[in-house]
2 protein chains.
Amino acid sequence: QGGYPQQYGGGGGGGYAQHPAAAYGGGGGGGYGGYAPPPQQPPVSPEIQNIFRNIDKDNTGRINNRELQQALINGRGDHFSDTACNLMINMFDRNKSGTVDIYDFERLYNYINQWLQVFKNFDRDASGHIEENELTQALTQMGFRFSPAFIQFLITKNDPINRKEISVDQFIVTCIQIQRFTDTFRVRDTEQKGVITITFEDFLGIALSMCS
Amino acid sequence: QGGYPQQYGGGGGGGYAQHPAAAYGGGGGGGYGGYAPPPQQPPVSPEIQNIFRNIDKDNTGRINNRELQQALINGRGDHFSDTACNLMINMFDRNKSGTVDIYDFERLYNYINQWLQVFKNFDRDASGHIEENELTQALTQMGFRFSPAFIQFLITKNDPINRKEISVDQFIVTCIQIQRFTDTFRVRDTEQKGVITITFEDFLGIALSMCS
Ligand SMILES: [Zn+2]
Ligand SMILES: [Zn+2]
Ligand SMILES: [Zn+2]
Ligand SMILES: [Zn+2]
């Protein structure tokens, strides 16, 4: 009945090792340990400085959701969604202001690039989208076993009219959300049966804390 | 273990009968049956027309999220949140464009006013916010029995720094989300025990369809 990865970060097929989810839980990039700022900020590369300045249109030294959306275009020629930018900014925004400074941005930038790489690997026909069979393969390589009906649900949710494909920003959001909900489920599924029993209040608490 | 209302729309204390949730599921206002537009649009009152024109700054004949946010101020002097406006627009936006025309708006406007009335009834100290004891009373009157820890969770989620009170737009969002998740839970809790058993895929499906 729908399997989910039994191990963290480890095994899985080719694409899995590169999966940014590994970077997400903490650890990740170069010398950083977690979300707390290091005592002295390490220097940011000139390349990142340039990119940052280009995105920070209002020159506040912080990039907000709107600026990030403007900077990121998906394979449909649309800007990344509000939801996608929110989700990613909140992951790296250390002072919880809803914006990222240049140090946050460096990590965010690397994170997005990892996702773009993952996406490219799975978009085998290079259409710029992920179609059903590609999504099935992607999730399988990430360690999930979902029914075809569930894969179709994911696609329809993201592409309600054509029910055919999902864009890169939708792919990122979908994967991050699945990852989070899986973690939430896993801690309750102590016997790893793929089934949990849950009270009304616990259910509500999960639902409310997961939804923005 | 956390009770939830066993009956729809009916009983409950004073405030419950006015609860906009009744209008939500369908039915509701004057002659409208559901979300489908009536064959001939009924006339919109001059008052609503005026309000609509004031909010529709760009004169497109549709109000978008941004315009609605600008028009609605909570008791903290802040604009209503993006989330709150999104949630409400999506409830009345018949053509799924993320905007409302004047007919959608009339219903949205009435809906918001019903919520404001509910909020005022529960904000007994007229602080412009709902504090812990007020929230407990509000949810009790809506038919819920939550633990003090859960009430505190709701407040902290909305007011992470002071952990003290929630604003009117947060109150609306919280109530609508609780209502929806309760419906989702209820259909699975066939024996009305307040506990459900759920598979991984079903859990993920719920979580993903509820979160934007
Ligand atoms: Zn900026
Ligand atoms: Zn493709
Ligand atoms: Zn407009
Ligand atoms: Zn109050």
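Not measured: the values here are computed from a predicted model. Throughout, residues of each chain are indexed from 1 in the direction in which the sequence is written. Lettering of chains starts at A and numbering of ligands starts at 1, both following the order in which they are written. This being a predicted model, a pLDDT of at least 70 is required before a residue's local features are given, and a value of 80 or more before pairs of side-chain atoms are given or counted; all residues contribute to the totals for chains, interfaces and linings. The side-chain quantities take in all heavy atoms of the structure and omit both hydrogens and water.

A.B. asks: Could you give an account of the overall build of chain A, with specific residues and numbers?
C.D. replies: Note on conventions: DSSP H or I runs of at least 4 residues are helices, E runs of at least 2 residues are strands, and numbering of each starts at the N terminus. Across its full length, chain A carries nine helices and five strands. Reading chain A from its N end, one meets helices and strands in the order α-α-β-α-α-β-α-β-α-α-β-α-β-α. Counting all 212 residues of chain A, 47% fall into the buried class. Entry remark: accessible area of chain A is about 10,300 Å², with carbon and sulfur atoms responsible for 52%. The rule is simple: take the accessible area with a 1.4 Å probe, protein chains only, and divide by the maximum for that residue type; under 20% is buried, over 50% is exposed, in between is partly exposed. We get accessible surface area from the Shrake-Rupley algorithm with a probe of 1.4 Å; when it comes to residues, only the shown protein chains can shield them.

A.B. asks: Describe the coordination of the zinc ion (ligand 1), and please don't skip the residues or the numbers.
C.D. replies: Residues and elements named next belong to chain A. Ligating atoms shown are N, O and S within 2.8 Å of the metal, or 3.2 Å for Na, K and Ca, and water is not included, meaning a site may look less than complete. Protein coordination of the zinc ion (ligand 1) is provided by D56 (OD), D58 (OD), R62 (O), E67 (OE) and E67 (OE), with donor distances spanning 2.2 to 2.5 Å. Written as a sequence motif, the donor arrangement for the zinc ion (ligand 1) is D-x1-D-x3-R-x4-E. Overall, the relative accessible area of 4% leaves D56 in the buried class. Accessibility expressed as a relative area gives 23% for R62, which makes it partly exposed.

A.B. asks: Could you give an account of the relation of the copies chain B and chain A, naming the residues involved and the relevant values?
C.D. replies: Overlaying chain B with chain A gives an RMSD of 0.0 Å, the required rotation being 179° about an axis along which the chain moves by 0.0 Å. Here the two chains are linked by the operation of a two-fold rotation axis. For chain B, the minimum C-alpha distance to the rotation axis belongs to B:T197 and amounts to 2.0 Å. Any two residues whose heavy atoms approach within 4.5 Å are treated as being in contact. Most of the interface of chain B is mirrored in chain A, where 100% of its interface residues are also at the interface. The fit set for superposing copies consists of C-alpha atoms from residues with pLDDT of at least 70 in both; the fit itself is least squares.

A.B. asks: So what's going on with the coordination of the zinc ion (ligand 3)? Residues and values would help.
C.D. replies: The protein atoms that coordinate the zinc ion (ligand 3) are B:D56 (OD), B:D58 (OD), B:R62 (O), B:E67 (OE) and B:E67 (OE), at distances of 2.2 to 2.5 Å. Positions of the donor residues of the zinc ion (ligand 3), expressed as sequence spacing, correspond to D-x1-D-x3-R-x4-E.

A.B. asks: Account for the confidence of the model for chain A, with residues named and values stated.
C.D. replies: All names here are of chain A. Per residue, pLDDT measures the predictor's confidence, with a range of 0 to 100. Confidence in the prediction for chain A averages 83 pLDDT; 80% of positions are at 70 or higher. The weakest mean pLDDT in chain A belongs to helix 1 (residues 21-24) at 35; the strongest belongs to strand 1 (residues 63-64) at 97. For this predicted complex, the interface confidence reaches an ipTM of 0.76, while the overall pTM sits at 0.71.

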